[in-house]
Amino acid sequence: MELHEPELRDVPVTAVLAALADDVRLRIVRTLAEDGERVCGTFELGVSKATRSHHFKVLREAGLTRTRVAGTSRHVRLRRDEIDRHYPGLLDAVLPDREPTNRAG
């Protein structure tokens, strides 16, 4: 099964910002930033399975995550390096507890 995962250069910044504007999706992004790759079903988000799947689809189609299908499991990870390259500082702004990747000094 192949999932649509656009190149970030093809994703308008407004789509990325819209994906990050939702509290549930922002929690997913923060968890992935802290934990690395995780199986989609392991997230406790307080929403139905269908709603959880929708949130992962929005993040994937906005270019924020990559999904690897392994049997019946979907492993998701944050595209941190790519995002930082295309939208410098964006994730640092929404992940305030993380040290900035580029420090002047």
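Owing to the predicted nature of the structure, the values given are computational and were not obtained by experimental measurement. Every chain's residues receive numbers from 1 upward, in the order its sequence appears when written. With pLDDT at 70 or above as the cut-off, local features in this predicted model cover only qualifying residues; side-chain atom pairs require 80 or more to be listed or tallied, and sums for whole chains, interfaces and linings still use all residues. Only hydrogens and water are set aside when side-chain values are computed; all heavy atoms of the structure are taken into account.

Trainee: Can you help me understand the pairing of strand β3 (residues 73–78) in this one?
Mentor: A pair of strands is considered paired only if DSSP assigns at least 2 bridges between the two. Under the DSSP-based scheme used, a helix requires at least four consecutive residues in state H or I and a strand at least two consecutive residues in state E, with every element numbered from the N terminus. Relative to β3, strand β1 (residues 38–39) runs antiparallel, the two sharing 2 bridges. Across the sheet, the residue bridging to V39 is H75, located in β3. Across 6 bridges, the pairing between strand β2 (residues 65–70) and β3 is antiparallel. By the bridge assignment, R66 is partnered in β3 with R77. Between β2 and the antiparallel strand that follows it, β3, lie 2 residues; G71 among them carries a positive phi value of about 65 degrees.

Trainee: Just checking my understanding: could you explain the packing of aromatic side chains for this structure?
Mentor: What characterises a pair of aromatic rings is the spacing of the ring centres plus the angle enclosed by the ring planes. Classification of ring pairs uses Phe, Tyr and Trp, with its six-membered ring standing for Trp, and accepts pairs whose centres are within 6.5 Å; under 30 degrees between planes counts as stacked, over 60 as edge-to-face, and the remaining range as tilted. Applying the stated criterion across every chain, the model contains 1 aromatic pair. Here the aromatic rings of F43 and F56 are separated by 5.2 Å at their centres, their planes lie at 70 degrees, and the arrangement is edge-to-face. Here F43 is found in the loop between β1 and α3 (49–61), whereas its partner F56 is found in helix α3, with 13 residues between them in sequence. Here F43 falls in the buried class, since its relative accessible area comes to 4%. Categorising residues by exposure relies on relative accessible area from a 1.4 Å probe, with only protein chains included: less than 20% of the type maximum marks a residue as buried, more than 50% marks it as exposed, and the intermediate range marks it as partly exposed. According to the relative accessible area criterion, F56 is buried, its value standing at 5%. Here, a charge over a ring is recorded when the distance from Lys NZ or Arg CZ to the ring centre is within 6 Å and its angle to the ring normal is within 35 degrees. Positioned above the aromatic ring of F43, the side-chain terminus of R38 is 4.3 Å from the ring centre.

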